[in-house]
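Structure at a glance
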Amino acid sequence: NISGKKVMYHVSGSTTDGYLKIYSGRKQGITLNEASIRNTRGAAINVQGLSSTPNKGKRVDVVLKGSSTLADGSSYTLTPSDEDEKAALFSEGQIVLSGEGELTVTATGKAGITSDDWVCFASGSVNVSSSAGHGVRGKDYILVKGGTINVNVSADGKKGFSSDSLVRFEGGVTTLAITGNTVVTTEDGVRDTSGTAGVKADQLFEMVDGTLTITNSGTGGKGITCDGAAYFRGGTVNITVTGSNYEI
């Protein structure tokens, strides 16, 4: 509906070397109906918004029907120099995942799912596997309201869920499995370490309802890390950390 407030895209079929890229100043919805998209040179789905629009990232509702798959490439060689492209499923604006279907995201170049705003899981089944970046990253926050989310991360120093602000669970069943190890960097003679974690919330973590299961076998790995406050008000949390301590 190009005359209204939202543009709807219905995507089905398959490609082994293609992608869906959207430039839009409007909110949009993408229905994935038995779609299979693999881009060997970048993101499978890339929602850019319009650079001329203030707060250029617009919300994208990803509606799942049937079983769909997305996969990125090991290197992002198609990304224009003036654009971000940070994940197999990437949006400058908010991402809401819903529906009754299933989505499997395989990331070998960067993260699995990333929004430069926030990510919300409302319903459906989402499986993310990342060997290069975070599983799911929402810069402003990540919210789980429902659905089934399975995330496997094997990249060193990366997280299952990562946010610069808030990670909140209000329902659903979330399983985060982490196997990457600690990364050591040196800048101006100062050594710094970055370990893996199931959840990293820089300002606030909230567990209100639902089920959260985290396993981390990486050296120096953590279950949940938060630089601010953490509140456990309900739901079920299971954390198993088996990696050895990391010593500088």
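For the structure given in this document, a descriptive report is provided here. Residue positions within a chain follow its written sequence, with the count starting from 1. In keeping with the model being predicted, local features are shown solely for residues with a pLDDT of at least 70 and side-chain atom pairs are shown and tallied solely at 80 or more, while totals for entire chains, interfaces and linings include all residues. Side-chain numbers here rest on the full set of heavy atoms in the structure, without hydrogens or water.

Note on pairing: DSSP must find at least two bridges between two strands before they are called paired. Secondary structure elements follow DSSP: runs of H or I no shorter than four residues count as helices, runs of E no shorter than two count as strands, and numbering proceeds from the N terminus. With respect to topology, eight strands assemble into an open sheet ordered β2-β4-β7-β10-β13-β16-β20-β22, the strand pairing being parallel. Looking at the sheet topology across the chains shown, the edges are occupied by β2 (20-22) and β22 (222-226). Strand-to-strand twist across the sheet, computed as the mean angle between neighbouring axes with direction ignored, equals 10 degrees. Taken together, the four bridges between strand β16 (residues 159-163) and strand β20 (residues 197-201) define a ladder with parallel strand orientation. Counterpart to S163 in the pairing with β20 is A201. Helix axes are fitted only over the stretch in contact, all axes being lines through C-alpha atoms; the angle between N-to-C directions runs from 0 to 180 degrees.

Let us now look at the packing of aromatic side chains. Only Phe, Tyr and Trp rings take part, Trp by its six-membered ring, and two of them pair if their centres are within 6.5 Å. Stacked means planes under 30 degrees apart, edge-to-face means over 60, and tilted covers everything else. Applying the stated criterion to the full structure yields five aromatic pairs. A centroid spacing of 6.0 Å and a plane angle of 0 degrees characterise the contact between F121 and F161, whose relative ring orientation is stacked. With F121 in strand β11 (residues 118-121) and F161 in strand β16, this pair connects stretches of sequence that are 40 residues apart. Side by side, F121 and F161 carry an identical accessibility label, which is buried. Ring centres of F205 and F232 lie 5.3 Å apart, and the angle between their planes is 45 degrees; on these two criteria the pair is classed as tilted. Of this pair, F205 sits in strand β21 (residues 204-216) while F232 sits in strand β23 (residues 229-232), placing them 27 residues apart in sequence. Cluster of aromatic residues (ring-pair linked, three or more members): F121, F161, F169, F205 and F232. Think of it as a cone above the ring: NZ of Lys or CZ of Arg counts as a charge over the ring if it is within 6 Å of the ring centre and within 35 degrees of the ring normal. In this arrangement the basic side chain of K110 is found over the ring face of Y76, its NZ or CZ atom lying 4.7 Å from the centre. One cation-aromatic arrangement involves R233 over Y231; the distance from NZ or CZ to the ring centre is 4.6 Å. With a 1.4 Å probe rolled over the protein chains alone, any residue whose accessible area is under 20% of its type maximum counts as buried; one over 50% counts as exposed, and the rest are partly exposed.

Take the pattern of salt bridges next. Should the charged atoms of two oppositely charged side chains come close, the side chains can pair. Salt-bridge detection follows one rule: a side-chain nitrogen of Lys or Arg within 4 Å of a carboxyl oxygen of Asp or Glu. All chains considered together, the criterion is met by 10 salt bridges. One salt bridge in this structure joins K200 and D202, with 2.6 Å as the shortest N-O distance. With a relative accessible area of 16%, K200 lands in the buried category. By relative accessible area, D202 is classed as partly exposed at 25%. R233 is paired through a salt bridge with E206; the nearest N and O atoms lie 2.9 Å apart. One end of the pair, R233, is in the loop between β23 and β24 (236-241); the other, E206, is in strand β21, and 27 residues separate them in sequence. Connected via shared salt-bridge partners are R168, E170, E206 and R233.

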